Amino acid sequence: MKNRMAVVALLIECFLLFAVSVAQTIQVDITPAHSTNHFVPNETLGGGIDRIPAAAIDKDLLQPALEQVLASGWQPVTYRQNTELAMEAWHWNPQGTWSDPSGKGYFTGSATPTDMIRYSYGYSLPHRGTTRNDGTGNAGFSRLTDGDLKTYWKSSPYLTQRFTGESDSLHPQWVILDFTQNQQVDSIRITWANPYATRYVVQYWTGEDPIKAQTKGVWETFAHGAVTSGKGGTETVRLSDNPGPIRFVRILMTESSNTCDSHQSADPKLADPRNCVGYAINELYLGTTTADGAFHDILRHTPDQEQTATYCSSVDPWHEPSDLRSTKQAQVGFDLFYTSGVTRGLPAMIPVALLYDTPENAAAEIAYLRKRNYPISYVEMGEESDGQFMVPEDYGALYIQWATALHRVDPTLKLGGPSFQGVNKDIEVWPDANGKVSWLGRFLDYLKQRGRMNDLAFFSFEHYPYDGCKTPWGTLYDEPDLVSRIMQVWREDGVPANLPMFITESNLSPAASETYMDMFAGVWLADYIGSFLNSGGNGVYFFHYLPLQMEHGCNDSPGTFGMFTVDINYQIQQPLSQFFVSQLINLEWVQPGAGEHLVFPAKSDVDDGAGHSLVTAYTAKRPDGQWSVMAVNRDQQNAHRVRIWFRDQMERDANFFSGTVEISTFGKNQYQWHPAETEFLAHSEHAGEQPVIAITKGRADPDGPIMHSRQTGGKDAWYDLPAASVVVIRGKLGAL
């Protein structure tokens with residue numbers, strides 16, 4: 001028996017020695033010249049606040065909810081401007097003046113502080129020309145195929161020579177028809193409004209999708225598709241001698257009649273030049289012409305989402321009071337935003353509407369904030385112009401006009417954009433005359449060619465790396481490369497090395513699901529923040545900062561973008577995994593406050609045998625002299641024990657944590673999400689109800705807290721990384 005026990009003990013010892021000898025090390029390169037970044041937490045690690053239900057505004061910005069939000073540790077705030085995603089004009093101040101004295105037209109908010117602004121709203125655009133885009137979802141409709149000859153699409157006046165100072169041919173405006181499948185086409189009928197195009201071409205697309213894949217095809221002009229002397233009214237153009245199978249058709253307009261639209265006043269004293277520039281179309285018809293000269297339309301004309309889908313280059317921001325559709329959702333009013341405590345008194349990133357607004361309204365907004373003495377860190381220009389299908393030169397033209405107006409109010413403002421959607425690859429558009437397809441590259445070229453690069457003080461984009469309905473565990477392995485690679489792409493497009501780079505909105509996916517509540521989301525968050533900073537990022541904002549109710553998400557699962565679950569009255573019920581990981585990042589990994597941190601590269605040799613790192617690590621040297629390693633164990637089944645070695649290439653020996661080491665652990669033993677039970681409804685029992693509904697509430701059990709422990713460092717110290725966990729290991733190094 002003794003011999004048998006001795007053999008077992010020897011086998012155990014050999015196994016342990018073998019386990020120690022194989023891949024179980026985190027190597028940190030602390031060579032001073034190899035530091036990858038430096039940052040200050042209360043300027044760099046922040047949260048984002050968007051348009052939300054008015055009821056959420058009323059509850060989330062009060063105690064005790066606000067105290068729990070702030071407990072996550074996120075510091076500065078970026079104010080997200082959601083109205084442009086829905087193709088709306090933003091009344092950041094409900095009080096203001098209309099360009100038409102009758103109380104409609106172009107709205108400018110009052111720059112004079114009076115009553116407290118608690119909410120602000122978006123107004124739908126009556127001259128909208130896009131059926132749906134990446135922000136509106138399936139809400140609203142285009143006026144190009146709505147079947148109503150009293151309505152019309154009109155392009156933005158700010159993209160005409162009167163405002164750009166450039167020929168209209170440099171900013172051609174366009175509308176696109178999508179039949180969803182090939183149709184036989186040889187003729188088009190355009191019922192023009194004023195102003196109409198005197199010069200335009202009608203084209204068809206040779207590829208699959210000119211909106212989603214703009215470099216996989218070309219626009220070809222129909223054989224008889226060039227019109228050089230348009231007369232307005234109703235024009236029928238025989239595009240080709242014989243019908244051909246077509247799915248997408250574009251009307252590209254380069255010269256305007258500059259005749260005034262239906263809003264122009266008969267009184268010359270009230271004339272508004274914005275009503276008399278650009279292009280306007282009442283209705284479009286497309287199909288075939290038979291031998292008897294009869295035109296046969298194939299489009300569907302309805303004022304809803306079933307209309308033949310259209311897209312447009314821009315929209316005139318003209319509107320009137322009745323275009324305020326709902327006040328149930330709102331942007332937080334600036335006064336409430338700055339006085340509630342959510343900003344912690346720190347300067348905030350503020351947006352101005354640009355795609356569907358006026359420079360006067362944007363300038364008035366900044367003047368208002370300055371008069372209130374509210375601190376502004378940066379001003380973000382517009383929201384997701386790529387998702388609104390705006391070409392870079394048009395965005396550039398608006399950017400310059402808005403920059404001029406804003407710097408007239410305050411020359412010290414730091415302006416930037418364009419707040420790209422969360423993409424993982426370069427954004428490509430139809431090639432320009434030189435064959436260039438990079439959206440960002442062409443925008444930067446536009447600024448450079450006009451000597452206006454000084455108006456770009458930062459570059460911003462969003463980060464939503466995953467399809468919310470496709471998140472197997474293994475996708476976690478992709479995140480460090482996804483975020484670092486897209487940042488490299490932006491630099492290759494021409495973003496100067498000294499220009500700050502911000503991710504101003506981010507989370508797992510643009511679509512909610514229960515993945516957000518799972519430990520998956522917490523593990524991802526640590527990897528994402530660490531990778532962004534390690535790649536040289538200058539500012540990152542968690543989204544969504546304020547608590548929200550569950551919403552219908554991917555695969556019919558309920559989800560929330562927030563860090564908490566709330567009840568019907570927005571009272572916080574439970575913190576979720578991203579709340580605890582936020583605390584690890586903001587309160588344990590970094591030293592809260594205004595002290596500078598240095599980031600150093602770290603790499604583990606723990607992998608899955610297929611080239612995937614199971615353990616990633618991010619190292620910061622804090623201003624208190626401690627070194628802090630955030631280790632992420634992405635292995636969902638297995639714990640790992642690692643040594644941590646610090647190496648300076650100028651020194652001969654490795655270094656290690658010395659003395660007492662503080663360890664903060666959050667993983668499966670601290671948190672587990674139990675999903676809601678759901679039920680299928682063959683036919684909804686209530687109006688607007690989803691076909692799959694939750695019949696129980698999901699819950700986290702256990703639900704934190706973070707586990708804190710201490711151990712002694714040293715050369716032979718091992719650190720435990722539980723399965724699916726984030727662990728912060730912090731202490732001082734011994735002398736080399």
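Structure: see above.
Below, the structure is looked at part by part. What you see is a predicted model, and the numbers here were worked out from it, not measured in a lab. (Residues numbered from 1 in each chain as written. Predicted model: local features only at pLDDT ≥ 70, side-chain atom pairs only at ≥ 80, totals over all residues. Heavy atoms only, no water.)

1. A few points about the state of the cysteines
In this structure the tally under the stated criterion is two disulfides. Residue pairing for C260: its cysteine sulfur links by disulfide to C276, the two sulfurs lying 2.0 Å apart. Every disulfide takes its handedness from the sign of the S-S torsion; for C260 and C276 that torsion is 100°, giving right-handed. With C260 in the loop between β16 (244–256) and β17 (280–289) and C276 in the loop between β16 and β17, this pair connects stretches of sequence that are 16 residues apart. Judged by its relative accessible area of 12%, C276 is buried. For C469, the disulfide goes to C554, at an S-S distance of 2.4 Å. Its torsion about the S-S bond being -90°, the disulfide of C469 and C554 is classed as left-handed. Of the two residues, C469 is situated in the loop between β24 (458–463) and α10 (479–493) and C554 in the loop between β27 (551–552) and β28 (558–559); the sequence distance between them amounts to 85 residues. Here the disulfide map of the chain reads 1-2, 3-4, the bonded cysteines being numbered as they appear in the sequence. (Disulfide = S-S within 2.5 Å. Helix = DSSP H or I, 4+ residues; strand = E, 2+ residues; numbered from the N terminus. Buried < 20%, exposed > 50% of the residue type's maximum accessible area, 1.4 Å probe, protein only.)

2. Topic: the pattern of salt bridges
Per the counting criterion, the structure on display carries 28 salt bridges. The shortest N-O distance in the salt bridge between D261 and K154 comes to 4.0 Å. Here the residue D261 occupies a position in the loop between β16 and β17, and K154 occupies one in strand β10 (residues 153–154), the gap between them amounting to 107 residues. Each member of the pair D261 and K154 is classed as buried. Among the charged side chains, a network of salt bridges with common partners joins R80, E380, E383, E462 and E505. (Salt bridge = Lys/Arg side-chain N within 4 Å of Asp/Glu carboxyl O.)

3. Re the sheet that holds strand β32 (residues 602–604)
Pairing in this open sheet of four strands is mixed, and the strands run β32-β1-β35-β42 from one edge to the other. Edge positions in the open sheet fall to β32 and β42 (719–721), since each of these has one partner strand only. Sheet twist, expressed as the mean angle between neighbouring strand axes with direction ignored, is 30°. With three bridges connecting them, strand β1 (residues 25–29) and β32 associate as antiparallel partners. Its bridge partner being in β32, Q27 is matched across the sheet by K603. (Pairing = 2+ DSSP bridges. Axes fitted to C-alpha atoms, helices over the stretch in contact; angles between N-to-C directions.)

4. Section: unusual backbone geometry
In this structure, the amide linkage connecting F543 to the following residue, H544, adopts the cis form with an omega of 10°. Structurally, H544 can be placed in the loop between β26 (539–542) and β27. Cis rather than trans, the peptide bond between G704 and P705 has omega equal to 5°. Looking at the secondary structure, you find P705 in the loop between β40 (699–703) and β41 (707–712).

5. Regarding the environment of Q331
Note that Q331 resides in strand β20 (residues 329–332). Taking relative accessible area as the criterion, Q331 reaches 0% and is therefore assigned buried. For the pair Q331 and P64, spaced 267 residues apart in sequence, the C-alpha to C-alpha distance is 21 Å. Excluding residues within four positions of it along the chain, Q331 makes contact with D50, R51, I57, Y79, R80, Q81, N82, T83, W90, R118, Y119 and S120. Within the local environment of Q331, its side chain forms a polar contact with the backbone nitrogen of N82, the two atoms lying 2.7 Å apart. (Contact = heavy atoms within 4.5 Å. Polar contact = N/O pair within 3.5 Å; in protein donor to acceptor, adjacent residues only side chain to side chain.)

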